[in-house]
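Report on the structure
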Amino acid sequence: MHNKYKTQKATNTKQYIMNFEYTEEQEMIRQAARDYAQRELIKDVSERDEKAIFPTEHVKALGELGFLGMMADPEYGGGGMDTVSYVLAMEEISKIDASVSVIMSVNNSLVNWGIEMYGNDFQKDKFLRPLTDGRKIGAFLLSEPEAGSDATHQHTTAEDKGDYYLLNGTKNWITSANSASTYIVIAQTHPELKHRGINAFIVDKDTPGISLGPHEDKMGMRSSDTHSVMFTDVKVSKENRIGEDGFGFKFAMKVLEGGRIGIASQALGIASGALELATKYAKERKAFGTEIINHQAIAFKLSDMAVKVENARNLCLKAAWLKDQHKPMAVASAMAKQYAADIAMEVTTEAVQIHGGYGYVREYHVERLMREAKLTQIYEGTSEVQKIVISRALAKD
Ligand code: CAA
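These notes cover the structure that comes with them. (Residues numbered from 1 in each chain as written. Predicted model: local features only at pLDDT ≥ 70, side-chain atom pairs only at ≥ 80, totals over all residues. Heavy atoms only, no water.)

Taken together, 24 residues lie near the ligand, and Thr 175, His 195, Glu 257, Arg 260 and Arg 392 sit nearest. One of the backbone nitrogen or oxygen atoms of Glu 380 is found 2.9 Å away from an oxygen atom of the ligand. Contact with the protein chains hides 76% of the accessible area of the ligand, taken as 1100 Å² for the molecule alone. Listing elements by their share of the shell around the ligand, those giving two or more residues are helix 5 (98–118), helix 7 (248–284) and helix 11 (383–396). Examining the composition of the shell around the ligand, we find that seven residues originate from one element, helix 7, more than from any other. Its residues assigned to classes, the shell around the ligand comprises ten nonpolar, seven polar and seven charged. (Near = heavy atom within 4 Å. Polar contact = N/O pair within 3.5 Å; in protein donor to acceptor, adjacent residues only side chain to side chain. Areas by Shrake-Rupley, 256 points an atom, 1.4 Å probe, with all protein chains shown as cover. Helix = DSSP H or I, 4+ residues; strand = E, 2+ residues; numbered from the N terminus. Nonpolar A, V, L, I, M, F, W, Y, C, P; charged D, E, K, R; others polar.)

Dropping the structure here:
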């Protein structure tokens, strides 16, 4: 584990200091992600976006490079890396293609981490291994047509039939629904117990009775595959239930704490990618006899964007550090997710503005980043849900 943000005791004073340097390994991981994104992902990103083509080859390559099982224990084929490295890699991949980084985020921080933290040895052996090296990818099935933000009101049922459960219902907006092989499904077993009757199951996508709705034609992140998933009398073995009977809602909430660090880092990457593009453009584009970066109207926009990106990065790294230290992270990850998503929208909008007319056409990439930013304010808990989490913690203090 690398803990770049570890509080260290200074040798020459009795004070504690913060270390803001990345370790050599963290820097190597960041650079590897950057190289892949800038050399490979960039090549066909516009075509993938326009035609909503799933990035099959890139997912395979990222699996081989170790980016799909970054934090998982090497015992299960994972990279054993820290969450700080994960944030750095997510930022670099998201600068170029957030459709790819959402697949990475769901796989690493919802599915892998959920199974590793709360699954038993049998479940880890059977399901985690193929998910850490990209042989399989995972999806997290919590949202429903009538249970998005209000996640306690699960309508999908998991009827206890003795040695198996019978699943019925519909899940909505599921990232990687078609390409994933392993689903984590949240469903209600004891409605009379409300959220305390909910369970979580690991379900093979090929189980009879599972069917998919059409590919959602999204505004952004168009090449990640999003579908609704229908369950009709789907038999799931009891050994596939995660944790004790009724643990499912707590499981979902705990897993989302870590997942939100992934999406926060994605939003950070979208924003910092837009900042990089806008800065480069402003140094090249001339108007009124000089490069537009020399006009204060543009320079101050870039300055405001840079401050927001840096704040978002610090929030993401703080949440990651807390997770690595096994300290409470719910509020930190909610803050990182809310702030990074909101500033991603602001920063990408300004990046389009700086590009002027060129910003509004596909060739310059910033309009795609702006479309992608919008989704980060919606999925894995809307910005408003993050404010519920943060404000309730304030009320408790
Ligand atoms: N850890 C452990 N338990 C938690 C918890 C946490 N972080 N947060 C809540 N809980 C527990 C509470 O203690 C409570 O349990 P008890 O009654 O047993 O004490 C229970 O959960 C219910 O909590 P609340 O009363 O706070 O529930 P609520 O309905 O008022 O609000 C919410 C909860 C925060 C709004 C929650 O429903 C939520 O997070 N909603 C958003 C769901 C979401 O993020 N969906 C994303 C889908 S996945 C996705 O998007 C993936 C992708 O494709 C990219």
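Ranked by size, the top nonpolar core spans 109 residues in total, and within it Met 70, Phe 140, Leu 167, Tyr 183, Phe 231 and Ile 354 carry the most contacts. Among the elements that make up this core, the one with the highest residue count is helix 7 (17 residues). Excluding anything up to four places from it in sequence, Phe 140 contacts Val 106, Leu 110, Val 111, Ile 174, Ile 184, Phe 251, Ala 252, Val 255 and Leu 256. (Core = buried A, V, L, I, M, F, W, Y, C linked by side-chain atoms within 4.5 Å. Buried < 20%, exposed > 50% of the residue type's maximum accessible area, 1.4 Å probe, protein only. Contact = heavy atoms within 4.5 Å.)

Attention now moves to unusual backbone geometry. The residue Ala 52 is not glycine, and still its phi comes out positive at about 55 degrees. For Ala 52, the location among the structural elements is in the loop between helix 2 (45–51) and helix 3 (56–65). The phi torsion at Asp 233 lies on the positive side, around 50 degrees, for a residue other than glycine. Note that Asp 233 resides in strand 9 (residues 226–237). Note on Asp 233: relative accessible area 47%, which makes it partly exposed.

A few words now on the packing of helix 1 (residues 24–41) against helix 3. Two elements in contact, helix 1 and helix 3, have axes whose closest approach is 12 Å; the angle formed by their N-to-C orientations is 155 degrees. On the basis of the axis angle, helix 1 is roughly antiparallel to helix 3. Here helix 1 and helix 3 pass one another in a crossing that is right-handed. Judged by residue contacts, Tyr 36, Glu 40 and Leu 41 of helix 1 engage Glu 57, His 58, Ala 61, Leu 62 and Leu 65 from helix 3. Partitioning the contact of helix 1 with helix 3 into residue classes produces five nonpolar, one polar and two charged. (Axes fitted to C-alpha atoms, helices over the stretch in contact; angles between N-to-C directions. Parallel < 35°, antiparallel > 145°, perpendicular 65-115°, else oblique. Left-handed = near helix turned anticlockwise from the far one by under 90°.)

Over its 37 residues, helix 7 runs 53 Å from end to end, which matches the ideal 54 Å to within 8%, given 1.5 Å per residue. The sharpest bend along helix 7 comes to roughly 30 degrees, located at Glu 257. The buried count for helix 7 comes to 28 of 37 residues, which makes it a mostly enclosed element. (Expected span 1.5 Å × (residues − 1). Bend = angle between axes of the 7 residues up to and from the residue.)

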